[in-house]
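# A structural walkthrough
The primary structure of each chain is shown beneath.
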Amino acid sequence: MSLLHDPEFSGRHLREVLRQRPDLCEMENYHDGLEVVHETGVLLAFEGEHPDVPAALAAHARRMRQRIYRAGDRVYCAVGYALANVIIVRGDGALVVLDTTESHDSALQIWQDFKQAVPELADWPVAALVYTHNHSDHINGARAFVDEAEVAAGRTHIIAHSTLMKAVADNASVVAPILRTRSAYSFGSMLPSGPQGTVSAGIGPKLIGGAVSFLPPTLTFDDTLDITLAGLRFEFRHAPSETDDELVAWVPELGVLLSAEVIQGECLANVHTLRGTRYRDPQQWVATLDAIRARHAGQPVQWMVPAHGRPVVGADNIAELLTAYRDSIAFIHDQAVRFINHGATPDELADWLPALPPHLAQHAWLGEYYGTVKHCVRQVFNGLLGWFDGDPATLDPLPPAERARRWVALAGGREAVLRALGESQQNAQSSASTKDEALDACRWSAELASLLLRIDPQDQQARQAKAAALRQLGLATLNTNWRNWYLTAARELMGHFDDFEPKGNALAVRDIWQAIEPAHLLQWLSVRVQAERCLDEHRSLTLDLTDREQTAVLELRRGVLQVSMHPLGHPSALPGVRLRLPWGLWLGFMAQGWTALPDALRGGQIQLTNGSLADLQAFLGFFEPRATRLPALAVR
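Residues numbered from 1 in each chain as written. Predicted model: local features only at pLDDT ≥ 70, side-chain atom pairs only at ≥ 80, totals over all residues. Heavy atoms only, no water.

## A word on the overall build of the chain
Helix and strand counts for the chain come out as 23 helices and 19 strands. Over its C-alpha trace the chain gives a radius of gyration of 27 Å, about what one expects of a compact globule, namely 26 Å for 636 residues. Seen along its three principal axes, the alpha-carbon backbone of the chain occupies a region of about 75 × 65 × 45 Å. Scored against the burial criterion, the 636 residues of the chain give a buried share of 53%. Long-range contacts, defined as pairs at least 24 residues apart, comprise 71% of the intrachain contacts of the chain with a sequence gap of at least 6. Accessible surface, the chain as shown: approximately 26800 Å² in total, 50% of it carbon and sulfur. One way to put it: in the chain the 57 positive side-chain charges average out to a point 4 Å from where the 74 negative ones average out. (Helix = DSSP H or I, 4+ residues; strand = E, 2+ residues; numbered from the N terminus. Rg over C-alpha atoms; globule rule 2.2 N^0.38 Å. Buried < 20%, exposed > 50% of the residue type's maximum accessible area, 1.4 Å probe, protein only. Contact = heavy atoms within 4.5 Å. Areas by Shrake-Rupley, 256 points an atom, 1.4 Å probe, with all protein chains shown as cover. Lys, Arg positive; Asp, Glu negative; His and termini not counted. Charge placed at Lys NZ, Arg CZ, Asp CG, Glu CD.)

## Looking at the pairing of strand 5 (residues 95-98)
Of the two faces of strand 5, the one carrying Leu 95 and Val 97 and the one carrying Val 96 and Leu 98 are both buried. Looking at chain direction, strand 4 (residues 86-90) and strand 5 are connected through four bridges and run antiparallel. Across the sheet, residue Arg 90 finds its bridge partner in strand 5, namely Leu 95. Counted between consecutive antiparallel strands, the loop separating strand 4 from strand 5 contains four residues, among which Gly 93 sits at a positive phi close to 85°. Here four bridges tie strand 5 to strand 6 (residues 126-130), and the two strands are oriented parallel to one another. Bridging from a neighbouring strand, Val 96 pairs with Ala 128 of strand 6. Between strand 5 and its parallel partner strand 6, the chain crosses via helix 3 (residues 104-117), and the hand of that crossover is right-handed. (Pairing = 2+ DSSP bridges. Right-handed = clockwise from strand over helix to strand, strands pointing away.)

## Regarding the pattern of salt bridges
In a structure, side chains of opposite charge can pair up when their charged atoms sit close to one another. Across all of its chains, the model carries 32 salt bridges by this definition. In this structure, Arg 233 and Asp 226 form a salt bridge, with 3.7 Å as the shortest nitrogen-oxygen distance. One salt-bridge network, held together by shared partners, links Asp 226, Arg 233, Glu 235, Arg 237 and Arg 295. (Salt bridge = Lys/Arg side-chain N within 4 Å of Asp/Glu carboxyl O.)

## A closer look at a nonpolar patch on the surface
A contiguous nonpolar patch, built from Val 174, Val 175, Ile 178 and Val 527 and spanning about 270 Å² of accessible area, is present on the exposed surface. Overall, Val 175 belongs to the partly exposed group, its relative accessible area being 38%. (Patch = residues over 30% accessible without salt bridge, like charges linked within 9 Å, V, L, I, M, F, W, Y side chains within 5 Å.)

## A short note on the packing of aromatic side chains
For any two aromatic rings, the description comes down to two numbers: the centre-to-centre distance and the angle of the planes. Inspection of the entire model under this criterion finds 14 aromatic pairs. Plain terms: the ring middles of Tyr 185 and Trp 485 are 5.0 Å apart, the flat faces sit at 45° to each other, and that makes the pair tilted. One end of the pair, Tyr 185, is in helix 7 (residues 176-186); the other, Trp 485, is in helix 17 (residues 480-493), with 300 residues separating them in the sequence. With respect to class, Tyr 185 is no different from Trp 485; both count as buried. Members of the aromatic cluster, each reached through a chain of ring pairs, are Tyr 76, Trp 111, Phe 114 and Phe 145. The ring of Trp 524 has Arg 528 sitting right over it, with the charged end atom 4.2 Å from the ring centre. (Phe/Tyr/Trp six-rings, centres within 6.5 Å; stacked < 30°, edge-to-face > 60°. Lys NZ or Arg CZ within 6 Å of the ring centre and 35° of its normal.)

## Considering the nonpolar core
Tyr 131, Leu 522, Leu 541, Leu 543, Leu 554 and Trp 586 are the most contacted members of the largest nonpolar core, which totals 67 residues. Beyond its immediate sequence surroundings of up to four residues, Leu 522 is in contact with Leu 543, Ala 552, Leu 554, Val 563, Met 565, Trp 583, Trp 586 and Met 590. Listed in part, the 50 residues of the second largest apolar core include Ala 239, Ala 269, Ala 324 and Val 377. (Core = buried A, V, L, I, M, F, W, Y, C linked by side-chain atoms within 4.5 Å.)

## Side note on the confidence of the model for the chain
Close reading of the predicted structure is inappropriate where its pLDDT is low. For the chain, per-residue confidence averages 93 on the pLDDT scale, and 98% of positions sit at 70 or higher. Overall, residues 504-508 carries pLDDT values under 50, and its contacts beyond four positions in sequence, including any with other chains, amount to 19 contacts. (pLDDT = per-residue confidence, 0-100.)

## Brief notes about the environment of Ala 58
Within the secondary structure layout, Ala 58 lies in helix 2 (residues 55-62). Residue classification places Ala 58 among the buried residues on the basis of a relative accessible area of 2%. The spacing of Ala 58 and Glu 47 is eleven residues in sequence and 7.0 Å in space, taken between C-alpha atoms. In this structure Ala 58 touches Phe 46, Gly 48 and Val 53, once residues within four positions along its chain are discounted.

## Looking at the sheet that holds strand 19 (residues 607-610)
Overall, mixed pairing links the five strands, which are arranged 17-16-15-18-19 in an open sheet. Two strands lie at the open edges of the sheet, namely strand 17 (560-567) and strand 19, each paired on one side alone. Neighbouring strand axes in the sheet, compared pairwise and without regard to direction, differ in orientation by 20° on average. Helix 21 (residues 583-592) contacts strand 15 (538-545) and strand 18 (577-581) of the sheet and is inclined by roughly 115° relative to strand 18. Sheet strands in contact with helix 23 (residues 613-620) are strand 15, strand 16 (550-557), strand 17, strand 18 and strand 19, and its direction is about 105° off that of strand 15. (Axes fitted to C-alpha atoms, helices over the stretch in contact; angles between N-to-C directions.)

## Examining the sheet that holds strand 9 (residues 224-229)
Spatial ordering of the open sheet is given by 9-10-11-12-13-14, a layout of six strands whose pairing is mixed. Taken across any chain shown, the strands that pair with only one partner, and hence form the sheet edges, are strand 9 and strand 14 (312-313). Pairing analysis gives four bridges linking strand 12 (residues 256-260) to strand 13 (residues 303-306), with the strands arranged parallel. Within strand 13, the position partnered with Val 256 by the bridge is Trp 303.

Spelled out as structure tokens, the structure:
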């Protein structure tokens, strides 16, 4: 028998301890000595109090006021303008900028406000721009701070880890469509702002949309880069944590640690992100934090400036915070593995390990506003063991719709399920139910309604019931990602997004896709092959990319696309269609569709050097067209 089922198993006591969930404390001493050099009076997050916003979440949102802080004499940190901070370091006659937010407009506002706040630096050049990692909220406002001509002339460096561009390419190509949708759910991009909608983004006030600008790195490194920029010594270190390409910077002359997202703001680390990402290895994250702690045991950090949240002041405060942050991630990993080794499944892990232990759960920088223990422990299981929970019944189960039909039949049919659903809804609204009992009733209502929706996605009664349950769960949760997913899914169920067309295409971010190598970006076509239409086909399309001095051969072989790159003019060993055109023009077709291609041929922008237009259109017809609506996430 598994220890999980043994009444004497000591882990049962741990579960009860973790369920205590003490109130969060405040650690305003972390920010003693910070100077606000500019305040706009704007709070992009929710301000005030409301019954539909948990008090702790409302307080967390109020910490995100739009301000520029000065940490010490030379470091400025813009907080509250977008999801992520911008950090500006004053060197000798020049500036170093770290990160650029997710929006050109928000970056430009920061730059203008900084110049207004510190007018003596307004005309100083930027010696270097640093990307701490690949996420869009750190790289998409580059042109607000640096001029491409200055970069090309070598007067401005753009510094990043050597793997940043690969990660940028992955995010902008293969899984871009679903990441766009899941990110919109996570950050509440389709919700109204306010107490019945999005109140903050957890690590920042909100995700800013609009135009983006990007310039690729000019100076990269693998492990370490010690360099003098604008007269200041910067020690850049690879710091795999939230991403594998994360870097931190130590400026010894100033006693400043620029900690990127190794410390993920004033909240629990998102060891797993609901929008989806590669496995974030908690052991690697802990090792990075331990390396930082060891590095500064004898040379304490006086100022720590993270990529999210406010700067932290004082060697003792910083050492305590690094230790607590490290221990929270280690606890999640180590206790999850402990229970995994006793046979726990992902759902059982979430039940046995519902929160941090009290001494960590009450920490001001470990509130579950962004990461939660319950979804992080599931990630540990999947990262270490994969999807299979060990029960052979889950190896090849019935399809979800068929399982739902059989469960509903076992319950006595649709009407019986609706009666049970009605009872659960009453319990959720009953004044006799405790808060926990009401939320449990909502969870059960959502599960019952989902059974009916798997049988008939258009069952309006089930849609309304599930939407009501998700809405109640969303308004009660402390975690912004959970809240936004619950509330967005409720709107999806009520038909708010039926005619919602996705805005643009992730590939249509011009600066980013121009910076990605063709070999990587063309792989996007591989995951758009409609295999059912070409299982008996073997064709090729050769692209002579005149502005890249490269030839790409796209071989479509019975439902699989293989892409190979060669020097320009390479003779293709495969018969088929061949085009001569600039890479930028081909990218436009990939992003917007193929309809303008015949006109480009007739206008001479493209030369068809082998095959016919009909052959070309037949080849391109094997690929899925651009999506015209969001995929359904809650109705299935």
